[in-house]
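Reading the structure
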Amino acid sequence: MIEDLVEDPDRERTTVPFHVLVNPTLTIVGDETVDAFEGCLSFAGYTMIVPRARRRDGRGAKNERGEPVTIEASGWYARILQHEIDHLRASCAANRMDSRTLSTTENHARHWRTATATEVKSAVALPLPDE
């Protein structure tokens, strides 16, 4: 959807210019993670909450001319890099997701569109056993 492509400071989403990364390697910066919904063309029509590191740095990558590139990514850009590099490592969002949050995009739009990841995770959590 086009509204998903606009900048969104609340989701730490800003415009990133087109660029090419060859053989990127990312390093986690800090210990903060963020839960957010992700979709994936490997699972078209589905969305899931995936925890990702808020900040990542990349070293060793090269651009399309074979020149070294250093990446400093945070927020949505860090999430996208992690998502795409997972694919390069033969992994995907479903391998990292909170499995109870897997939903069709239609169901997500109907029931969870305005809910935060924390609210959704709380709503689908299993009850704690009686102590």
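Our subject in this report is the structure included herewith. (Residues numbered from 1 in each chain as written. Predicted model: local features only at pLDDT ≥ 70, side-chain atom pairs only at ≥ 80, totals over all residues. Heavy atoms only, no water.)

Further remarks concern unusual backbone geometry. Even without being a glycine, asparagine 23 presents a positive backbone phi close to 55 degrees. Tracing the backbone through its elements, the reader meets asparagine 23 in the segment before β1 (25–28). Even without being a glycine, alanine 90 presents a positive backbone phi close to 60 degrees. (Helix = DSSP H or I, 4+ residues; strand = E, 2+ residues; numbered from the N terminus.)

Turning our attention to the sheet that holds strand β4 (residues 55–62). With respect to topology, 3 strands assemble into an open sheet ordered β1-β4-β5, the strand pairing being antiparallel. Two strands close off the open sheet at either side, each with one partner strand: β1 and β5 (68–74). Taking the axes of each pair of neighbouring strands and ignoring which way they run, one obtains an average angle of 20 degrees across the sheet. The sheet contact formed by β1 and β4 spans 4 bridges and is antiparallel. Counterpart to isoleucine 28 in the pairing with β4 is arginine 56. (Pairing = 2+ DSSP bridges. Axes fitted to C-alpha atoms, helices over the stretch in contact; angles between N-to-C directions.)

Function cannot be read off these values alone, since they describe shape.
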